[in-house]
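So you can see what is in the structure, the chains are spelled out below.
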Amino acid sequence: MKTTRSRTVITLGALLAMASGATHVLTAHAQSATELVFWGGWTGEGEQQIQTMVRAYNKSQNKVHVTYVPQQDVVTKFLTASAAGNAPDVMIWDRFETALYAPKNVLAPVNAYLTRDRIDTSGFYGEALRELSVGNTVYGLPLTVDARALFYNKKLLTAAGVQPPKTWADLRAAAIKLTKRDASGKLLVSGFALDDVGLFSMWLKQAGGSMLTPDGKKTAFNSPAGLKVLEFWDTLLNKDKVYEIGFGRGEGNAQDPFVTGKIAMGYNGPWNISSYRKYGKELDFGIAPPPKGPTGAQGAGMGGFGLALTQASKNKDAGWDFIKWWLATPANALMWGKSSNNIPGNLRAAGDAYFQKDAFWKPITDTLKFATIRRPCPAIHPWKARR
C-alpha cells in the first residue's frame, strides 16, 4: 500500500510538472505571436459573425493572434486613438467614408501589398474597391456588398393578378391594383412603400440622371431626370394614393408592415432576408431587381463595408496577412458569406451556388451587376467658401 501510494504521488507530481511545463510552452508561444487589435462597430449577432472569422484565422496559423474589440461610435474613437498613436491595426470600415478620412492620413495604403502578393483586384466588385480608394491609392479590401432591390408579397401580387414590375410603368400599374382601402377611404394595404427619400439617388439613376457632374465638383440632380423622379413620386403618393407617409409604422410594438401584409411592395436590402425567411409561409415573399426608369436605365446604389489597415498600426504586415487571408482567398470569403449571410466582396465567393442558386440572393447579386457607389465629392472648407 505504501508503495502504491508513493507511486501515485510521484505520478501526480510528474503530471503537475508536465502541466506546468505545457503552460509555460503555451505562454511562450502566445507571447511569440504578433498581437493584432481589430476594431469595428458590429455588436450583437454581427459581433458573433466577426468572431467566427477571427477564431478561424487564429486557428489557421500561429504567427498572428487577432482580438476583435467592438466599439460604439467607432469612427470618432478611431480618429482620437489615431491622434494619440494607439489606434487598432485593422478596422471594419464603412467604405463611403474613405474619401473623407483617407486624406487625413489615418488609413494605410495597401497598393504595395497588392503588388507584392500578386492580388488580382479584378477579383473584387470594382465599385466596392473604388469606394475604398482615393485616386489610385487603395486602403483595404471589400468585406461586404449590398444593394436595395424590390421586395414583394407573392400572395398579394397573385391575388391582384400582377407580376413583379420591371419598369416604372409596371410599378405604377401594379401599385394601383395592390392598394386597398375600406369604404371610408382608410388605407388598409399600400401597393408600394414610398418611405425612404434617401433613395432619391437610386431613382435618379433609373431616370438617367446623376447626383453630381462628371468631374464631381457640382450637383446635377436639379435636372429633367430629377424632376421625373419627383413627378413620379407625386403621382404615386398624391394622385394614385398608393401610400401614406408613416403608414404601418410608429404603432406601439408594431411589426414590420411588410411582414404583416400591409405593404405589398417596397425597396429593401439583403440584411432583411434572413429575418423575413424565418416567417416561413406566413410571409411568402419574393425579390426582384429595381424596375427600369422611363428611358430604360437601370439604377441601384451599392453599399457595404471593407477591412482597412490603419496608418498608426505597428503591425501592418500582420494586419495585411489577416485581411488577405479573409478577403482575397475565395474559400475564406465564402465561409464568411455563408456564416454571416452577407454577400462577400470577393467575386468568386459571391458567384458560388450558395448565392447564385438561391431565389432570394440571386436578385440581389443581379442588381449588384449594375449598382454603383455614392459618388465622393471634395469637401468645401469654410475658409474657402468665404473667399
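Note that the structure is predicted; figures quoted are calculated from it, not measured. (Residues numbered from 1 in each chain as written. Predicted model: local features only at pLDDT ≥ 70, side-chain atom pairs only at ≥ 80, totals over all residues. Heavy atoms only, no water.)

Trainee: Teacher, can you tell me more about the overall build of the chain here?
Mentor: Across its full length, the chain carries 17 helices and 15 strands. Evaluated residue by residue, the chain yields a buried proportion of 45% over its 387 residues. Restricting to contacts in the chain with at least 6 residues of sequence separation, those with at least 24 account for 73%. Here the chain displays about 20200 Å² of accessible surface, and carbon together with sulfur accounts for 55% of that area. (Helix = DSSP H or I, 4+ residues; strand = E, 2+ residues; numbered from the N terminus. Buried < 20%, exposed > 50% of the residue type's maximum accessible area, 1.4 Å probe, protein only. Contact = heavy atoms within 4.5 Å. Areas by Shrake-Rupley, 256 points an atom, 1.4 Å probe, with all protein chains shown as cover.)

Trainee: Just to check I follow, could you spell out the side chain of Asn153 for this structure?
Mentor: Relative to the helices and strands, Asn153 is located in strand β8 (residues 149-153). Given the relative accessible area of 8%, Asn153 is considered buried. There is a polar contact of 3.1 Å between the side chain of Asn153 and the backbone nitrogen of Lys155. Here Asn153 is in contact with Phe258, Gly261, Ile263, Ala264, Leu283 and Asp284, once residues within four sequence places are set aside. (Polar contact = N/O pair within 3.5 Å; in protein donor to acceptor, adjacent residues only side chain to side chain.)

Trainee: What am I meant to see in the packing of helix α12 (residues 316-328) against helix α13 (residues 330-340) here?
Mentor: Following both chains from N to C, one finds α12 and α13 inclined at 75°, their axes separated by 5 Å at the closest point. When the axis of α12 is compared with that of α13, the two are roughly perpendicular. Contacts from Trp325, Trp326, Leu327 and Ala328 in α12 reach Pro330, Asn332, Ala333, Met335 and Trp336 in α13. Its residues assigned to classes, the contact of α12 with α13 comprises 8 nonpolar, 1 polar and no charged. (Axes fitted to C-alpha atoms, helices over the stretch in contact; angles between N-to-C directions. Parallel < 35°, antiparallel > 145°, perpendicular 65-115°, else oblique. Nonpolar A, V, L, I, M, F, W, Y, C, P; charged D, E, K, R; others polar.)

Trainee: What is the right way to look at the sheet that holds β8 in this model?
Mentor: Sheet strands pair by backbone hydrogen bonding; their relative direction is either parallel or antiparallel. Reading across from one edge, β11-β8-β12 is the order of the 3 strands in this open sheet, with antiparallel pairing throughout. Every interior strand has two partners, whereas the edge strands, β11 (265-268) and β12 (285-288), have only one. Pairwise comparison of adjacent strand axes, ignoring direction, gives a mean angle of 30° for this sheet. In this structure, β8 lies alongside β11, joined through 4 bridges in antiparallel fashion. Residue pairing in the sheet places Phe151 in a bridge with Gly266 of β11. (Pairing = 2+ DSSP bridges.)

Trainee: Just to check I follow, could you spell out the sheet that holds strand β7 (residues 144-147) for this structure?
Mentor: Sheet architecture is open: 3 strands sit in the order β13-β7-β15, paired in antiparallel fashion. In this open sheet, the two strands that pair with only one neighbour each are β13 (302-303) and β15 (343-344). For β7 and β15, the ladder comprises 2 bridges, and the chain directions are antiparallel. When the bridges of β15 are listed, Val145 appears paired with Ile343. Along the sheet face, helix α16 (residues 361-368) touches β7, β13 and β15 and points at about 90° away from the line of β7.

Trainee: Got a minute to help me understand the packing of helix α8 (residues 168-178) against helix α10 (residues 224-239) in this structure?
Mentor: Pairs of packed helices are described in terms of their axes, by the angle between the two and the distance that separates them. At their nearest, the axes of α8 and α10 sit 11 Å apart, and the two run at 10° to each other. When the axes of α8 and α10 are compared, the pair comes out roughly parallel. In contact with Trp168, Leu171 and Arg172 of α8, α10 contributes Lys228, Val229, Phe232, Thr235, Leu236 and Lys239. Residues belonging to the contact of α8 with α10 are distributed by class as follows: 5 nonpolar, 1 polar and 3 charged.

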